[in-house]
Amino acid sequence: MATIFKRTSVLTDVPFHYCPGCGHGIVHRMVAEVIEELGIRNKTAGVAPVGCAVFAYNYFDVDMYEAAHGRAPAVATGYKRVHPENIVFTYQGDGDLASIGTAEIVQAAHRGEKITTIFINNAIYGMTGGQMAPTTLVGQKTTTSPLGRSKEHCGEPIRMAEMLATINGAAYIERTALNSTANIIRTKAAIKKAFETQIAGKGFSMVEVLSPCPTNWGKSPAESMDWIAENMIPYYPLGVMKEA
Amino acid sequence: MVKVIVLADQCKGCGLCVRACPKSVLAISKSHLNVKGYYPAEVVDQEACVACTACARTCPDVAIEIEK
């Protein structure tokens with residue numbers, strides 16, 4: 001018998017600390033598999049964020065950095081400019097990328113930095129206990145919006161993929177989701193395309209992944225996947241936003 | 001012959017593999033607790049598996065291996 005599916009060696013043997021049903025583990029696996037498939041393991045570095053994925057440096061068996069909150073694109077910029085022949089990715093959540101790190105991600109795209117960003121959008125702050133994020137949907141209940149996010153008080157959620165797609169330095173921007181097997185496979189294809197964009201030296205690349213947070217949404221893992229399809233995808237449409 | 005292997009002690013019992021499987025090969029155990037204290041997924045109908053790998057691709061803890 002031949003093994004047709006097993007853990008890639010680009011992931012370490014450390015068990016993920018994430019909650020049951022969290023999307024981070026699925027995306028970690030796919031990023032690691034893409035690094036293996038592209039044969040770039042020995043020249044790839046990753047930058048971990050602050051947030052639930054803060055321990056990402058324990059899980060990838062490549063060089064990893066830990067950046068200050070939101071500053072992963074700035075750290076990746078430094079790495080890439082010193083080692084232009086190497087590949088660098090940042091792995092960031094919505095609190096990291098769409099809130100405290102908005103300036104860094106916009107300016108990294110604006111400068112056309114040849115880096116790849118994996119952006120996990122779960123519409124809530126996970127690590128700190130389920131507070132409202134810039135990506136929280138209108139009406140969505142969180143610990144800091146117990147009656148649901150109010151459009152009048154907090155505005156409407158920010159669409160980072162669309163915003164970054166307007167910037168000339170961005171070469172490849174796509175939004176995908178984890179709510180079905182087909183969408184998981186599409187997400188991996190998008191991650192691969194993003195890394196290939198960097199390898200080709202075309203410019204900034206980002207994949208925004210709509211990901212479940214069962215614990216802070218107060219739903220079961222299966223219900224969370226359905227919630228992505230019913231509530232997130234209508235507001236955050238999937239697809240390639242930009243391809244240079 | 002396809003063999004689905006659930007690495008039970010890595011499983012957190014989230015059930016996403018059970019949801020993803022089109023052939024009802026997997027189920028969450030009702031009796032066995034793993035070292036983490038979760039009821040892990042287990043194979044209940046090995047014969048029905050068509051090696052689509054949907055369960056393994058969906059597993060957030062990379063706790064499923066498939067042999068064919």
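Here the structure is shown first, and the text comes after it.
Now for a look at the structure at hand.

Further remarks concern the overall build of chain B. Looking only at helices and strands, one finds two helices and four strands in chain B. Beginning at the N terminus, the succession of helices and strands in chain B can be written as β-α-β-β-α-β. Rg of the C-alpha trace for chain B: 11 Å, near the compact-globule value of 11 Å for 68 residues, within the 12% margin. Seen through its C-alpha atoms, chain B measures out along the principal axes to roughly 30 × 20 × 20 Å. Counting across all 68 residues of chain B, residues that qualify as buried make up 47%.

Following the sequence through the fold, A:Phe195 ends up in helix H8 (residues 181-199). Sequence-distant contacts of A:Phe195, that is, excluding residues within four places in its chain, are made with A:Val31, A:Val34, A:Ile35, A:Leu38, A:Ile40, A:Ile87, A:Phe89 and A:Thr116.

Another point: the interface of chain A and chain B. Contacts between the two partners involve 27 residues from chain A, matched on the other side by 26 residues from chain B. Summing both partners gives a buried area of about 2200 Å² for chain A against chain B, and 62% of it is carried by carbon and sulfur. The largest contributions to the chain A side of the interface with chain B come from A:Met1, A:Ile4 and A:Phe5, which together make up 29% of the buried area. Two residues, B:Arg19 and A:Asp226, come together in a salt bridge whose shortest N-O distance is 2.9 Å. Applying the counting rule to chain A against chain B returns eight residue pairs in polar contact (both at pLDDT 80 or more). Of all the secondary-structure elements, those providing two or more residues to the side of chain A that touches chain B are strand E1 (3-5), helix H1 (24-37), H8 and helix H10 (221-235) of chain A. No other element matches H10(A), which puts four residues into the side of chain A that touches chain B. Residues belonging to the side of chain A that touches chain B are distributed by class as follows: 17 nonpolar, six polar and four charged.

This paragraph deals with the sheet that holds strand E4 (residues 64-67) of chain B. With respect to topology, three strands assemble into an open sheet ordered E1(A)-E4(B)-E1(B), the strand pairing being antiparallel. What marks the edges here is a single partner per strand, and that holds for E1 of chain A together with strand E1 (3-6) of chain B. The sheet shows a mean angle of 30 degrees between the axes of neighbouring strands, direction not considered.

The subject of this paragraph is the pairing of strand E4 (residues 87-93) of chain A. Residue and element names in this part refer to chain A. Among the seven residues in E4, seven count as buried, and that is most of the element. Of the two faces of E4, both are covered, the one formed by Ile87, Phe89, Tyr91 and Gly93 as well as the one formed by Val88, Thr90 and Gln92. Two strands pair when backbone bridges link them, and strand E2 (residues 44-48) and E4 are joined in this way by four bridges, in the parallel orientation. Within E4, the position partnered with Val47 by the bridge is Thr90. Across five bridges, the pairing between E4 and strand E5 (residues 116-121) is parallel. Bridge pairing in E5 links Phe89 to Thr116.

Here is what the cut-offs are and how they apply
Residues numbered from 1 in each chain as written. Chains lettered and ligands numbered in written order. Predicted model: local features only at pLDDT ≥ 70, side-chain atom pairs only at ≥ 80, totals over all residues. Heavy atoms only, no water. Helix = DSSP H or I, 4+ residues; strand = E, 2+ residues; numbered from the N terminus. Rg over C-alpha atoms; globule rule 2.2 N^0.38 Å. Buried < 20%, exposed > 50% of the residue type's maximum accessible area, 1.4 Å probe, protein only. Contact = heavy atoms within 4.5 Å. Buried area = accessible area lost by both parts, 1.4 Å probe. Salt bridge = Lys/Arg side-chain N within 4 Å of Asp/Glu carboxyl O. Polar contact = N/O pair within 3.5 Å; in protein donor to acceptor, adjacent residues only side chain to side chain. Nonpolar A, V, L, I, M, F, W, Y, C, P; charged D, E, K, R; others polar. Pairing = 2+ DSSP bridges. Axes fitted to C-alpha atoms, helices over the stretch in contact; angles between N-to-C directions.

Read these as layout, nothing more, since geometry by itself doesn't imply function.
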